[in-house]
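Fold and geometry: a report
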Amino acid sequence: MESKEEIAEAIRKAHAENIFIGSHETKINMPIQNKQDEQEELQKEAVPWPDDFKEEAFRGLAGEVVRAIEPYTEADKNALLINFLIAFGNVVGRQVYTIVNKTKHCLNFDALLIGDTSTGRKGTSWDPIFELFNRVDPQWAKNCNKSGLVSGEGLAYHVRDPIYKKETNRKTHEVETVLVDEGVEDKRLMVVEGEFASVLRVMQREGNTLSPAIRQAWDGKNLQGLQKNNAIKATEPHISIIGHITPEELDRYLADVDLFNGFANRFLFVCIQSNKLLPEGPEIPDAIYNDLVLKVNDVLDWVRHLKQEERKFKRNNEAEAIWAEAYKDLRHAKKGIIGKVLGRAEAQTLRLSMLYAILDKSKEIRPEHIISALAIWERCKQSVEYFFGDDEEEDPIKIKILEGLKKRPMSQTEINSEIFQRHVNAEIISKALGELSKEHKIVCTKQATRGRAKKIWSVVTKKAN
């Protein structure tokens, strides 16, 4: 266990290395003629490839697993780490949690591994992690691992509750409740999609319910379709998703709607790349797997024996001070696309800090666990900036509204149906209209009707001089 002096030194190091969500770019002082030149220079600035996860991210058992496996695979060590963390969190299930403003957070994570087809080695990074947990929990590996996301109903089906229906007994002619489907007892579900672009394509179909189902699953909410004849319901699901995708596919298929409806910010974005060459393809020795299995099982056994009151994790006093400092930066969201994709920074980091505490068999979240979580988040943040560009692009929802209103004035209902084909949540449109009005880009007028006055939005036209 680290001494207070070692913890304090780690915290100072974290500040120095900008783990606390600060900018990772080096500012170069150079003469700039005016602000316009400066702005143009900043716009031309390239965003560097993300740094590897800092050493703090490889803390404890997670680091041991990666260091033991890495010599035997061409996979990116960053991908190995994120795969292990997500798989471990799924295996643990809903046994442990933390509460923020009555919102329950468990150890389910979603991640997108972004890398080129030829050099990403995305699938290669999952194989040894899956084999490890196959040896740790064969039933989880057999029953809780799926792929082929198509619809929200399909996602719910794999963690469904027992299904009953009313039937008339032919002999007694009485109506009885009959069990027609035993459902799924184990609510853990690990989804690994090697072709996540196909998932994004499916989500763009009109009426598809996959996006809202994934959002609800990340929140840990019950899954149930709104269709009248759909009897599938899943209570307390514990669903984790790892998607593999290339930068080109992500750019093509991750639509503006999915960026701004809360889908994208439930994923950890992780750029990966493998530069290793292992032509012999050596197998990982059983001795290494056996050692790691013992260590993982030791942690899982510790979790199983926690008392009920110990399953709710909290930060200790020292960690509270560190969290308060980090929280300021986590909540300081950028505008535009990047701000939306990073919109759940504090929730993601909170879950990660709890995960590191459990890997340490600690009954409380300590400062070092927050530092490790921030190290993970910092690289995910860098990956988002690398992919989307480190700027604050205008909100695409607002852009589309302006483009639509230039054609003709519309009511909010018309904006939703004609511009967005009802694929965007009404609250998102309402917020965008309010912001555009505040920016004096659009104006609202009221049309008298027999009932309530109808609000019509139109673009503000500039007066000629």
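When you go through the chain residue by residue, the secondary structure sums to 19 helices and 13 strands. Taken over 465 residues, the chain has a buried fraction of 48%. The long-range fraction of contacts in the chain, counting pairs at least 24 apart against all pairs at least 6 apart in sequence, stands at 75%. Accessible surface computed for the chain: about 24600 Å², of which carbon and sulfur atoms make up 47%.

Time to look at the pairing of strand β12 (residues 442–447). As judged from the six bridges shared by β12 and strand β13 (residues 454–459), these two strands associate in the antiparallel manner. By the bridge assignment, Ile442 is partnered in β13 with Val459.

The next thing to look at is the pairing of strand β11 (residues 267–271). Counting buried positions along β11 yields five of five residues, so the element is predominantly enclosed. Of the two faces of β11, the one holding Phe267, Phe269 and Cys271 and the one holding Leu268 and Val270 are both buried throughout.

Following the criterion strictly, the structure yields two cavities of 30 Å³ or more and no others. Taken as a whole, the largest cavity spans an internal volume of roughly 40 Å³. Together, Asp51, Asp52, Phe53, Lys54, Ala375, Glu378, Arg379 and Gln382 line the largest cavity. Its residues placed into classes, the lining of the largest cavity shows two nonpolar, one polar and five charged. Residue lining of the second largest cavity: Phe267, Leu268, Phe269, Val341, Leu342, Trp377, Cys380 and Val384, and that is the complete set. Looking at the lining of the second largest cavity, the elements with two or more residues in it are β11 and α16 (367–388). Split by residue class, the lining of the second largest cavity holds eight nonpolar, no polar and no charged.

Looking now at the packing of helix α4 (residues 77–92) against helix α15 (residues 345–359). The geometry of α4 relative to α15 is characterised by a closest axis approach of 11 Å and an angle of 80° between their N-to-C directions. Relative to α15, α4 is oriented roughly perpendicular. Residues Leu81, Phe84, Leu85, Phe88 and Gly89 of α4 lie in contact with α15, whose contacting residues are Leu355, Tyr356, Ile358 and Leu359. Grouping the constituent residues of the contact of α4 with α15 by class yields eight nonpolar, one polar and no charged.

As a further point, take the sheet that holds strand β7 (residues 188–193). Across a sheet, strands are paired by hydrogen bonds formed along the backbone, either parallel or antiparallel in direction. Overall, parallel pairing links the five strands, which are arranged β4-β7-β10-β3-β11 in an open sheet. The sheet is open, and its two borders are formed by β4 (145–146) and β11, each paired with just one other strand. Pairing of strand β3 (residues 110–114) with strand β10 (residues 238–245), which is carried by five bridges, proceeds in the parallel orientation. Paired with Ile114 across the two strands is Ile245, which belongs to β10. With respect to the sheet, helix α5 (residues 122–136) is in contact with β3, β4, β7 and β10, its orientation differing from that of β10 by roughly 145°.

With 85% of its residues at a pLDDT of at least 70, the chain reaches an overall mean of 86. Across residues 18–35 the pLDDT falls below 50, and counting only partners more than four positions away or on other chains, this stretch makes 32 contacts in the model. Low pLDDT, under 50, characterises residues 37–44; the predicted model gives this stretch two contacts beyond four residues in sequence or across chains.

This part takes up the nonpolar core. Counting 112 residues, the largest nonpolar core has Phe84, Phe88, Phe133 and Phe269 as its most contacted members. With residues near it in sequence (within four places) discarded, Phe84 still touches Leu61, Ala62, Val65, Ile129, Leu132, Phe133, Val296 and Leu359.

Our focus in this paragraph is the state of the cysteines. As used here, a disulfide is simply a covalent bond connecting the sulfur atoms of two cysteines. One pass over the full model with this rule turns up zero disulfides. Not engaged in a disulfide, the cysteine Cys380 finds its nearest cysteine sulfur in Cys271; these two sulfurs lie 9.5 Å apart. Taking the relative accessible area as the measure of exposure, Cys380 reaches 2% and is therefore buried.

Our focus in this paragraph is unusual backbone geometry. Despite not being glycine, Asn101 has its phi angle at roughly 50°, a positive value. With respect to the element layout, Asn101 can be found in the loop between β1 (98–100) and β2 (103–105). Notably, Lys102 is not glycine yet its phi reads approximately 70°, a positive angle. Within the secondary structure, Lys102 is located in the loop between β1 and β2. On the accessibility criterion, Lys102 (82% relative accessible area) is exposed.

Once that is clear, we can look at α15. Given 3.6 residues per turn, any residue in an α-helix points the same way as the ones three and four places further on. Over its 15 residues, α15 runs 21 Å from end to end, which matches the ideal 21 Å to within 8%, given 1.5 Å per residue. Within α15, 15 of the 15 residues are buried, which leaves it mostly tucked inside the rest of the structure. Of the residues flanking the end of α15, it is Lys361, one or two places downstream, whose phi is positive at about 55°.

Okay, the packing of aromatic side chains next. Applying the stated criterion to the full structure yields ten aromatic pairs. Consider the rings of Phe269 and Phe388, whose centres lie 6.2 Å apart with planes at 55°: the pair is tilted. Taken together, the positions of Phe269 in strand β11 and Phe388 in helix α16 put the pair 119 residues apart, joining distant regions of the chain. The exposure class assigned to Phe388 is buried, which follows from its relative accessible area of 13%. One aromatic cluster is present, built from ring pairs that chain together Phe84, Phe88, Phe133 and Trp140. It is Arg160 that lies over the ring of Tyr157; its NZ or CZ is 3.9 Å from the centre.

Viewed as axis vectors pointing N to C, α4 and α5 meet at an angle of 35°, and their least axial separation amounts to 9 Å. Relative to α5, α4 is oriented so that their crossing is right-handed. Contacts between α4 and α5 involve Ala79, Leu80, Asn83, Phe84, Ala87, Phe88 and Val91 from the former and Ser125, Trp126, Pro128, Ile129, Leu132 and Phe133 from the latter.

Conventions and cut-offs
- Residues numbered from 1 in each chain as written.
- Predicted model: local features only at pLDDT ≥ 70, side-chain atom pairs only at ≥ 80, totals over all residues.
- Heavy atoms only, no water.
- Helix = DSSP H or I, 4+ residues; strand = E, 2+ residues; numbered from the N terminus.
- Buried < 20%, exposed > 50% of the residue type's maximum accessible area, 1.4 Å probe, protein only.
- Contact = heavy atoms within 4.5 Å.
- Areas by Shrake-Rupley, 256 points an atom, 1.4 Å probe, with all protein chains shown as cover.
- Pairing = 2+ DSSP bridges.
- 1 Å grid on protein atoms, 1.4 Å probe; cavity = no way out; pocket = protein on both sides within 12 Å on 5 of 7 lines; lining within 4 Å.
- Points joined across faces, edges and corners; volume = space filled by probe spheres on them.
- Nonpolar A, V, L, I, M, F, W, Y, C, P; charged D, E, K, R; others polar.
- Axes fitted to C-alpha atoms, helices over the stretch in contact; angles between N-to-C directions.
- Parallel < 35°, antiparallel > 145°, perpendicular 65-115°, else oblique.
- pLDDT = per-residue confidence, 0-100.
- Core = buried A, V, L, I, M, F, W, Y, C linked by side-chain atoms within 4.5 Å.
- Disulfide = S-S within 2.5 Å.
- Expected span 1.5 Å × (residues − 1).
- Phe/Tyr/Trp six-rings, centres within 6.5 Å; stacked < 30°, edge-to-face > 60°.
- Lys NZ or Arg CZ within 6 Å of the ring centre and 35° of its normal.
- Left-handed = near helix turned anticlockwise from the far one by under 90°.

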